[in-house]
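# A look at the structure
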Amino acid sequence: MVNLMKLRLISRRFSSFSSNPLRVCVVGSGPAGFYTAEKLLKTHERVEVDIIDRLPTPFGLVRSGVAPDHPETKENLPQIVTNQFTRVAQNERCSFFGNVSLGSSITLAELREMYNAVVLSYGAESDRSLGIPGEKLPGIYAAREFVWWYNGHPDYRDLDPDLKSTDTAVILGQGNVALDVARILLRPTAELAKTDIAVHALNALEESSIRKVYLVGRRGPVQAACTAKELREILGTKDLGIHIQQADLVTTPADEIEMKNNRIRRRVYELLSKAASTGHARVPSQRELHFVFFRKPDGFLESDGRNGQLGGVRFEKTTLKGDDELKQVAVGTGVHEDISCGLALKSIGYKSVPIEDLPFDSYKGIVPNIGGRVLADASQDHMKYETGLYVCGWLKRGPTGIIGTNLYCAEETLACISDDIEKGILTSNSPKPGKEGLAHLLDSRNQRVVSFDGWEKIDAEEKRRGNLKNKPREKLTTWEELLKVACE
Ligand SMILES: Cc1cc2nc3c(=O)[nH]c(=O)nc-3n(C[C@H](O)[C@H](O)[C@H](O)COP(=O)(O)OP(=O)(O)OC[C@H]3O[C@@H](n4cnc5c(N)ncnc54)[C@H](O)[C@@H]3O)c2cc1C
Ligand SMILES: NC(=O)c1ccc[n+]([C@@H]2O[C@H](COP(=O)([O-])OP(=O)(O)OC[C@H]3O[C@@H](n4cnc5c(N)ncnc54)[C@H](OP(=O)(O)O)[C@@H]3O)[C@@H](O)[C@H]2O)c1
């Protein structure tokens, strides 16, 4: 935890050094970007923060990731954080530049020239791949694509997954994203209709013939990556039969140690055991969710009847190995098994993408950093940092953690920035063009910029349209419409 008193002291010392504001550009307006901006503005009186985002809408995965049926929960987390982030954006020392993409609208070198410091928090907008045969067959999607589709991300509104030619979907991975996706496929659409799910997705789900979903993990029920609250939510889905093989629930001494050391793992295991033993599997004709363990994907199979389309997934049965019971790994047994399906969703983790002039660790899919300071070169004995360049959120840590995790992550990055200010590494002695320079450059490139006022117009229009249908909002899902409403 950062010592706030110390940070304020540094900040006061900094204000007396120079009369120029320290200009910081934050790239990405998800939780990591907004928490960093909030902390910077609170801690340093003379800092100005501009936030750019490639979308005309702010808030990152809070808008395009969090499942539409989650805001119904009592805490209504997305609403709480978007209200908090809105107050940050309305701070007079903060500006939002939407529809500005690092890498295409502007380069990193240009941003670094215009600002004293740049904080990169542009998330993870690609996917891990399995590297197994058949991965490109039609009918296979990354969970990210499917999530963006049902959440109305303008890049994926035309995904149009075929939900009508099959009654079975296989989801690979057992994290919280996999549970979200399974719930959306299986939940009664009358319930989804009350949420802000994108209208094109609701229409497709209403016509969907999918009745059976397999959630497949390469390890066992003790290692399922989901958390208890999210698991409880899907187990409680109306009219849903839950199927779990009792044999998969047998634990080993290593599993017992793992559960002893991790309360969440124990809770998840207990919930799965209870669901298996209380006969959640009800009468036929209902929707079914099958939890399948100890199966690693080995290949995607082409359909016999529908040429060139997905027909199933081949799995290799696994067993767990590992001296360290805290990281038991799945090892193939050489025994294979197929599950027929017409839709497969790979929910095995997101992946960040590199941009020009930025050090990038392709193996980990992150920007190499220590505590948020970007490393110019991590391979040498002496760590060399990129002056004035920082990173936060999924781009810094990898694609794990809930919204709140990014708050601690932002505090850590802020501590590096404050430290660099104190040491005089980061100064505003020579004035930087900041937002005026950025606006000028973007204007010269005919780039339409969406201000925070522009986003508030989108917000108001979405709420107005939602109100007519008795739902929280009706999302605008095309670039044209978003920009038209924001800029008119
Ligand atoms: C499907 C899903 C559901 C989730 N549900 C929950 C939940 O219910 N509760 C919870 O607590 N956590 C949830 N999480 C986790 C949470 O959303 C993340 O921890 C968090 O959003 C990560 O924050 P971030 O700022 O690093 O990235 P993001 O939220 O992804 O924000 C990145 C931002 O950068 C922008 N960007 C990308 N590229 C560029 C570029 N080149 N130039 C400019 N801008 C760019 C993007 O448009 C985006 O706005 C969920 C995650 C996923 C994937
Ligand atoms: N409601 C919420 O709070 C909420 C909702 C959604 C997401 N989130 C958060 O967002 C983060 C990302 O979630 P996520 O579900 O994308 O990631 P995750 O929690 O890391 O889960 C990834 C899953 O994919 C599996 N996997 C990875 N590589 C694989 C491979 N090669 N073959 C087969 N399986 C593989 C993992 O299995 P192994 O364990 O064996 O590696 C795991 O089951 C998480 O921190 C999550 O909690 C939160």
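Basis of the calculations
Residues numbered from 1 in each chain as written. Chains lettered and ligands numbered in written order. Predicted model: local features only at pLDDT ≥ 70, side-chain atom pairs only at ≥ 80, totals over all residues. Helix = DSSP H or I, 4+ residues; strand = E, 2+ residues; numbered from the N terminus. Rg over C-alpha atoms; globule rule 2.2 N^0.38 Å. Buried ≥ 20, exposed ≤ 12 C-beta atoms within 10 Å, placed from the backbone. Near = placed C-beta within 6 Å. Nonpolar A, V, L, I, M, F, W, Y, C, P; charged D, E, K, R; others polar. Axes fitted to C-alpha atoms, helices over the stretch in contact; angles between N-to-C directions. Parallel < 35°, antiparallel > 145°, perpendicular 65-115°, else oblique. Left-handed = near helix turned anticlockwise from the far one by under 90°. Contact = placed C-beta atoms within 7 Å. Pairing = 2+ DSSP bridges. UniProt positions renumbered as here; feature names shortened; annotations may be inferred.

Take the overall build of the chain next. When helices and strands are tallied, the chain shows 17 helices and 18 strands. Expected size for 488 residues packed as a compact globule is a radius of gyration near 23 Å; at 24 Å, the chain falls within 12% of this value. The principal-axis extents of the C-alpha atoms in the chain amount to approximately 70 × 55 × 40 Å. In the chain, which comprises 488 residues, the proportion classed as buried is 45%.

Right, let's talk about the site of ligand 1 for a bit. Lining the immediate surroundings of ligand 1 are 35 residues, of which G28, G30, G60, G123 and G393 lie closest. At the level of secondary structure, the elements contributing two or more residues to the shell around ligand 1 comprise helix 2 (31-43), strand 2 (47-53), helix 7 (176-186) and helix 14 (405-422). Considering each element in turn, the shell around ligand 1 owes the most residues, 3 residues, to helix 2. Residue classes in the shell around ligand 1 are distributed as 16 nonpolar, 15 polar and 4 charged.

Another aspect to go through is the packing of helix 2 against helix 4 (residues 77-89). Interaxial distance between helix 2 and helix 4 falls to 10 Å at its minimum, and their mutual angle equals 45 degrees. Relative to helix 4, the element helix 2 is oriented oblique. Here helix 2 runs over helix 4; the crossing is left-handed. When helix 2 is examined against helix 4, the residues P31, F34, A37, E38 and L41 are found in contact with a partner set consisting of V81, F85 and V88. Taken together, the residues that form the contact of helix 2 with helix 4 break down as 7 nonpolar, no polar and 1 charged.

For the rest of this paragraph, the subject is the sheet that holds strand 11 (residues 295-302). Spatially, 11-12-13 is the arrangement adopted by the 3 strands of the open sheet, whose pairing is antiparallel. Each edge of the open sheet is held by one strand with a lone partner, namely strand 11 and strand 13 (329-340). Across the sheet, the mean angle from the axis of one strand to that of its neighbour is 20 degrees, orientation sign disregarded. As judged from the 9 bridges shared by strand 12 (residues 310-321) and strand 13, these two strands associate in the antiparallel manner. When the bridges of strand 13 are listed, K321 appears paired with V329.

The pairing of strand 8 (residues 212-216) with strand 10 (residues 287-292) spans 5 bridges and is parallel. Paired with V216 across the two strands is V292, which belongs to strand 10. Relative to strand 10, strand 9 (residues 240-244) is paired through 5 bridges, and the arrangement is parallel. Paired with G241 across the two strands is E288, which belongs to strand 10.

To continue, consider the UniProt feature "binding site: NADP(+)" (unreviewed entry) in the chain. Mapped onto this numbering, the UniProt entry gives "binding site: NADP(+)" (unreviewed entry) at Q174, G175, N176, V177, R218, R219, E230 and G401. Mapped onto the elements of the fold, R218 is located in the loop between strand 8 and helix 10 (228-235). Assignment of secondary structure puts E230 in helix 10. The class of E230 is partly exposed, set by 19 C-beta atoms lying within 10 Å. Contact partners of E230, with chain neighbours within four places excluded, come to N176 and L179.

Turning our attention to the sheet that holds strand 16 (residues 369-370). Here 7 strands make up an open sheet; going across it, the order is 3-2-1-4-18-17-16 and the pairing mixed. The sheet is open, and its two edges are formed by strand 3 (94-98) and strand 16, each paired on a single side. Strand direction decides the pairing type here: strand 17 (residues 373-377) and strand 18 (residues 384-391), joined by 3 bridges, are antiparallel. The residue bridging R373 from the neighbouring strand is Y390, located in strand 18.

By nearness alone, 26 residues border ligand 2, and G173, G175, N176, V177 and I348 come closest of all. In terms of residues, the shell around ligand 2 owes the most to one element, helix 7, which gives 4 residues. Of the residues contributing to the shell around ligand 2, the split by class is 10 nonpolar, 11 polar and 5 charged.

Positionally, V62 belongs in helix 3 (residues 61-64). What V62 contacts, discounting residues up to four positions off in sequence, is G30, P31, P78, V81, T82 and I403.

What follows deals with unusual backbone geometry. Here the phi dihedral of D239 falls at roughly 55 degrees; this positive angle occurs in a residue that is not glycine. Locating D239 in the fold gives a position in the loop between helix 10 and strand 9. One non-glycine residue, F294, lies in positive phi territory at about 55 degrees. Relative to the assigned elements, F294 resides in the loop between strand 10 and strand 11.

Moving on, we come to the pairing of strand 3. Among the 5 residues that make up strand 3, 5 are buried, leaving the element largely enclosed by the rest of the structure. Residue alternation in strand 3 divides its side chains into two sets, C94, F96 and G98 and S95 and F97, and both sets are buried. When strand 2 meets strand 3, the two strands line up parallel, connected through 5 bridges. Paired with D53 across the strands is G98, a residue of strand 3.

Attention now moves to the environment of L231. Take L231: it is sitting in helix 10. In sequence terms L231 and R267 are 36 residues apart; their C-alpha atoms lie 9.8 Å from each other.

A few words now on the packing of helix 7 against helix 10. It is the contact of helix 7 with helix 10, at a shortest axis distance of 10 Å, that shows an interaxial angle of 20 degrees. As judged from the angle between their axes, helix 7 and helix 10 are roughly parallel. As for the relative orientation of helix 7 and helix 10, their crossing is left-handed in sense. Counting all contacts with helix 7, which are made through N176, L179, A182 and R183, the residues of helix 10 involved are E230, L231 and I234. Grouping the amino acids of the contact of helix 7 with helix 10 by side-chain chemistry returns 4 nonpolar, 1 polar and 2 charged.

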